[in-house]
Amino acid sequence: MTGAHGTGGAEGSGGALLVVGDVITDVVARHRGPLAPGTDTAAAVRTVPGGAGANVACWAARRPGTEVRFLGRVGADSAAWHERELVASGVRSFLVVDPLAPTGTVICLVDAGASAERTFLTDSGASLRLDADDWSPALLDGVARLHLSGYLFFSEPCRALVSVAVESARARGVPVSVDPASAGFLAGLGVDRFLSLAEGVDVLLPSRDEARLLTGLPDTADAAAKLSRHFPLVVVKQGDAGALVARSGAVRARVPAVAATPVDTTGAGDAFTGAFLAALLAGRRPEEATAEGCRAGARAVEQVGGRPDRREAEAPGTPGMPGAEA
């Protein structure tokens with residue numbers, strides 16, 4: 001595949017999970033109380049690897065014996081760092097290095113109060129330039145599931161990739177899942193357009209807000225049920241209210257959340273999705289996989305950043321990290 005290289009990853013016995021989506025540099029700023037316009041607000045600031053698609057891949061790879069592959073586009077400015085981070089998390093990376101655009105950056109403003117709620121300032125950069133030319137049907141060799149980050153639906157080049165990837169997967173009988181990713185971007189794209197683009201998807205993993213937006217229904221259970229008439233399996237993530245599992249026009253299970261003390265909610269939904277998909281890949285029933293997703297989401301909110309904890313992360317200024325001095 002032109003411009004891409006693959007490395008790392010443990011082999012699984014039941015086929016691999018291929019995740020296609022965004023890889024981003026996250027700058028997480030945790031502040032306490034309201035921001036002070038026009039002056040300084042004290043904050044703890046860290047630069048960490050992120051991106052909804054890449055986060056999902058890393059959380060899925062956390063399950064022993066799971067082979068996970070990731071396709072995304074980065075800028076030359078931080079390609080080596082992002083590849084190292086993916087490989088260190090057990091993900092086999094296929095990163096296309098963009099010759100023109102830098103890696104996307106997200107500023108995550110996290111209120112360090114009890115809810116740890118966050119606000120994102122997003123520059124998607126190279127991730128929105130992933131296109132159909134970056135896809136090859138050979139990427140599905142040995143793949144049992146394909147997952148598409150919802151951020152792929154928000155640019156024309158990425159939408160072209162979605163079309164060919166879903167077509168390739170359906171031709172091989174590989175089930176496809178989608179996480180809509182962003183209620184704000186989804187509203188801008190339009191509900192009807194999203195649903196049309198997602199035709200043929202087997203599993204939809206929206207948040208509560210996304211499910212309501214996609215259906216126009218105020219009740220989350222009603223929204224989940226309605227979506228499950230369009231998609232064979234719908235799992236709605238509800239944060240500290242757990243998750244709903246819906247099939248064939250009805251909610252079939254309500255899975256409780258796992259108690260957690262939030263530090264940073266960035267990536268909690270990605271953690272849920274990654275753990276859920278890895279559990280499905282291992283043969284778990286959707287309800288069991290949803291419970292595993294809830295456990296991963298609880299772990300995610302108790303740490304800073306959207307990736308699972310592993311070895312001690314590189315500190316800002318470490319050679320090879322974006323923004324580090326040579």
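An account of the accompanying structure is given in this report. (Residues numbered from 1 in each chain as written. Predicted model: local features only at pLDDT ≥ 70, side-chain atom pairs only at ≥ 80, totals over all residues. Heavy atoms only, no water.)

Digging into the nonpolar core
Right, so step 1: Counting residues in each nonpolar core, the largest one holds 45 residues, and the members touching the most others are Val 20, Leu 146 and Phe 194.
Right, so step 2: In terms of residues, this core owes the most to one element, helix H3 (residues 156-172), which gives six residues.
Right, so step 3: Not counting chain neighbours up to four residues away, the residues in contact with Val 20 comprise Leu 71, Leu 130, Trp 135, Leu 146, His 147, Leu 148, Ser 149, Leu 152 and Leu 161.
Right, so step 4: Counting 33 residues, the second largest nonpolar core, distinct from the first, contains Ala 60, Ala 79, Val 255 and Ala 278. (Core = buried A, V, L, I, M, F, W, Y, C linked by side-chain atoms within 4.5 Å. Buried < 20%, exposed > 50% of the residue type's maximum accessible area, 1.4 Å probe, protein only. Helix = DSSP H or I, 4+ residues; strand = E, 2+ residues; numbered from the N terminus. Contact = heavy atoms within 4.5 Å.)

A few points about the pattern of salt bridges
Right, so step 1: Scanning the model with the defined rule gives 13 salt bridges in all.
Right, so step 2: Between Arg 159 and Glu 156 there is a salt bridge, and its shortest N-O distance comes to 2.9 Å. Here Arg 159 pairs with Glu 156, and both are found in helix H3, just three residues apart, close to one helical turn.
Right, so step 3: The residue Glu 287 makes a salt bridge to Arg 247 at a minimum N-O spacing of 3.0 Å. (Salt bridge = Lys/Arg side-chain N within 4 Å of Asp/Glu carboxyl O.)

Quick notes on the sheet that holds strand E4 (residues 43-50)
Right, so step 1: The four strands lie next to each other as E4-E3-E7-E8, forming an open sheet whose pairing is mixed. Lying at the two open borders of the sheet, with one neighbouring strand each, are E4 and strand E8 (118-125). Shown here is a sheet whose adjacent strand axes are inclined to one another by a mean of 15°, direction ignored.
Right, so step 2: Examined bridge by bridge, strand E3 (residues 24-31) and strand E7 (residues 103-111) share eight bridges and lie parallel to one another. What sits directly across from Thr 25, in E7, is Thr 105.
Right, so step 3: In the packing of helix H2 (residues 79-88) onto the sheet, contacts are made with E3, E4 and E7, and the angle to E4 comes to roughly 80°. (Pairing = 2+ DSSP bridges. Axes fitted to C-alpha atoms, helices over the stretch in contact; angles between N-to-C directions.)

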